Amino acid sequence: MRPTRTLPGYPGPRHWEQVPVTDQHYVDAGTGDPVLFLHGNPSWSYMWRGLLGTLSPHFRCIAPDLAGLGLSPRSGVPRGTGSPGAQGPVHRLERHIACLDHLFHHLTGSQGAPARGWTLVVHDWGGPIGIAWARRHPGVVARLVVLNSVAFPWPAGYRLPLCLRWIRDSAPVAAFARATNVFPRAAVRFGVVRRLGAAERRAYLLPFTEVQNRRTVVEFIRCIPRGDDDPAWRLLEPADAGPAGVGPADAGPAAGDLAGLPVFIGWGMRDPVFTPLVLHEWIRRFPQARVHRYRNAGHFVTEDAAGELDRHVRDFLLGA
């Protein structure tokens, strides 16, 4: 999986690093204030290649592969991140938050990264994982970039697409999805409006070519919350507060930890999963956000709005 010719546009191996405790793979490119990119499912750090190229002349860009995805290890429980006995959805998500902790302490402890002033860029599952992590570390994140994601209970009227509900709620369907790789294949086809080139499709799918490498893909779908009272949403609550979602619309002692941050929201308006209903909830919770709607972009807004989105994010981070 290492030859760069199979990964068009992706930073070369000289930018590839590993976290000592978990072996989690990450890209580290550029210098300056750190920008942390968190992808979702079924994806990996390859999706950030355009933004990495645009931002790395100005910032230190750090793009990890979530545990079990991309070039990160396929072990069910990375070393040092929890007990293999507990395998519920909340435990699985806690695993990913723990991996972020290991990455952060590695970067700040021995790699020269500052302890504050980070920008957090999230997409898909990167939203709940990244927001939960940020709320546990007040003061670390100074700016937030949100791309087609969620970090609060689904808004009223939202309904998860049927194909995801089938995989989430049926063990036989989940087993079929893992055996056939149907979900990643569908994602790179229907998650974009502008059809990806053959080389880009192969790069997106490369980590999932073997069946043993697809477990985390199905696990993430099985973790999708079923309702407002799903325990997974509690990961977004600060430890010292009662129920509090992201942003000023929700009361709680720590609600202001992220509420007042400068926020950029870039949204693919033709996303079949994260619909405009979800975008409206982000705006309600972050009324100060700078919002760009990309009318002809789907779930992978970094692909459909490539170039335009990259410039908008760069200008936001540079204060333009």
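Going by the structure above, here's the rest.
Residues numbered from 1 in each chain as written. Predicted model: local features only at pLDDT ≥ 70, side-chain atom pairs only at ≥ 80, totals over all residues. Heavy atoms only, no water.

Undergrad: Hey, could you go over the layout of surface pockets for me, with residue numbers and the actual values?
TA: Space inside the largest pocket adds up to approximately 650 Å³. Contributing to the lining of the largest pocket are 39 residues, with Asn41, Leu164, Phe183, Ile224 and Val273 lying nearest its centre. Those elements that provide at least two residues to the lining of the largest pocket are helix 2 (89–110), helix 3 (126–136), helix 4 (162–169), helix 5 (171–180), helix 6 (182–190) and helix 8 (215–222). Counting residues per element, the lining of the largest pocket draws most heavily on helix 6, which supplies 5 residues. By residue class, the composition of the lining of the largest pocket is 34 nonpolar, 3 polar and 2 charged. (1 Å grid on protein atoms, 1.4 Å probe; cavity = no way out; pocket = protein on both sides within 12 Å on 5 of 7 lines; lining within 4 Å. Points joined across faces, edges and corners; volume = space filled by probe spheres on them. Helix = DSSP H or I, 4+ residues; strand = E, 2+ residues; numbered from the N terminus. Nonpolar A, V, L, I, M, F, W, Y, C, P; charged D, E, K, R; others polar.)

Undergrad: Before we move on, could you go through the pairing of strand 8 (residues 290–294) and cite the residues and values that matter?
TA: Note that strand 7 (residues 263–268) and strand 8 share 5 bridges and pair parallel. Bridging across to strand 8, Gly266 finds its partner in His292. For the handedness criterion, the β-α-β arrangement of strand 7, helix 10 (residues 276–285) and strand 8 is classed as right-handed. (Pairing = 2+ DSSP bridges. Right-handed = clockwise from strand over helix to strand, strands pointing away.)

Undergrad: Quick rundown of unusual backbone geometry? Include the residues and the values.
TA: Cis geometry is adopted by the peptide bond preceding Pro42, which originates at Asn41 and carries an omega value of 0°. In this model, Asp124 sits at a positive phi of 55°, which is unusual for a non-glycine residue. Topologically, Asp124 is positioned in strand 5 (residues 118–124). In this structure, Asn148 is a non-glycine residue whose phi angle is positive, near 40°.

Undergrad: An account of the pairing of strand 7 is requested, with residue identities and associated values reported.
TA: Here strand 7 lies mainly inside the structure; 6 of its 6 residues are buried. Burial along strand 7 is two-sided: Val263, Ile265 and Trp267 facing one way and Phe264, Gly266 and Gly268 facing the other are all buried. As defined by bridge partners, strand 6 (residues 141–149) adjoins strand 7 across 4 bridges and the pair is classed as parallel. In the sheet register, Leu147 faces strand 7, and the bridge partner there is Gly266. (Buried < 20%, exposed > 50% of the residue type's maximum accessible area, 1.4 Å probe, protein only.)

Undergrad: Hey, could you go over the sheet that holds strand 6 for me, with residue numbers and the actual values?
TA: Pairing is mixed in the open sheet, where 8 strands are placed in the order 1-2-4-3-5-6-7-8. Each having just a single partner strand, strand 1 (16–18) and strand 8 make up the two edges of the open sheet. Taken pair by pair, the neighbouring strands of this sheet meet at an average axis angle of 20°, ignoring direction. Sheet strands touched by helix 3: strand 3 (34–38), strand 5 and strand 6. Its angle to strand 5, the strand with the most contacts, is close to 150°. Across the face of the sheet, helix 10 comes into contact with strand 6, strand 7 and strand 8 while running at roughly 170° to strand 7. (Axes fitted to C-alpha atoms, helices over the stretch in contact; angles between N-to-C directions. Contact = heavy atoms within 4.5 Å.)

Undergrad: Hey, could you go over helix 6 for me, with residue numbers and the actual values?
TA: Turning to helix 6, its buried residues number three or more, namely Phe183, Pro184, Ala187 and Val188. For helix 6, the arc enclosing every buried residue in end-on projection is 130°, short of the 170-degree limit, so these residues lie on one face. Those residues of helix 6 that are exposed and aimed more than 90 degrees away from the buried face are Arg185 and Phe190. (Arc of directions from axis to C-beta.)

Undergrad: Outline the packing of helix 2 against helix 8, supporting the account with residue identities and numerical values.
TA: It is the contact of helix 2 with helix 8, at a shortest axis distance of 10 Å, that shows an interaxial angle of 120°. Taken together, helix 2 and helix 8 sit at an angle that is classed as oblique. Crossing of helix 2 against helix 8: the hand is left-handed. Between helix 2 and helix 8, the contacting residues are Pro89, Arg92, Leu93, Arg95 and His96 on the first element and Glu219, Phe220 and Arg222 on the second. Of the residues that constitute the contact of helix 2 with helix 8, the class distribution is 3 nonpolar, 1 polar and 4 charged. (Parallel < 35°, antiparallel > 145°, perpendicular 65-115°, else oblique. Left-handed = near helix turned anticlockwise from the far one by under 90°.)

Undergrad: Quick one: what's the story with empty space enclosed by the protein, residue by residue and with numbers?
TA: Using a probe with the size of a water molecule, rolled over the atoms, empty space left in the structure can be pinpointed. Considering all chains together, one arrives at 2 cavities of 30 Å³ or more under this definition. Roughly 30 Å³ of volume is contained in the second largest cavity. Grouping the constituent residues of the lining of the second largest cavity by class yields 5 nonpolar, 2 polar and 1 charged.

Undergrad: Could you give an account of the nonpolar core, with specific residues and numbers?
TA: Residues Leu36, Trp133, Trp154, Trp267, Val278 and Trp282 are the most contacted members of the largest nonpolar core, which totals 62 residues. For Trp154, the residues in contact, after removing those within four places along its chain, are Leu160, Ile224, Pro225, Asp228, Trp233, Phe274 and Val278. The next biggest cluster of nonpolar side chains, apart from the first, holds 38 residues, and it includes Ala29, Leu55, Val121 and Leu196. (Core = buried A, V, L, I, M, F, W, Y, C linked by side-chain atoms within 4.5 Å.)

Undergrad: Lay out the environment of Leu206 in plain terms, naming residues and giving numbers.
TA: Considering the arrangement of structural elements, one finds Leu206 in the loop between helix 7 (198–205) and helix 8. Overall, the relative accessible area of 22% leaves Leu206 in the partly exposed class. Through-space distance from the C-alpha of Leu206 to that of Leu7 is 9.0 Å; in sequence the pair is 199 residues apart.

Note that all results are geometric; they support no functional claim without further evidence.
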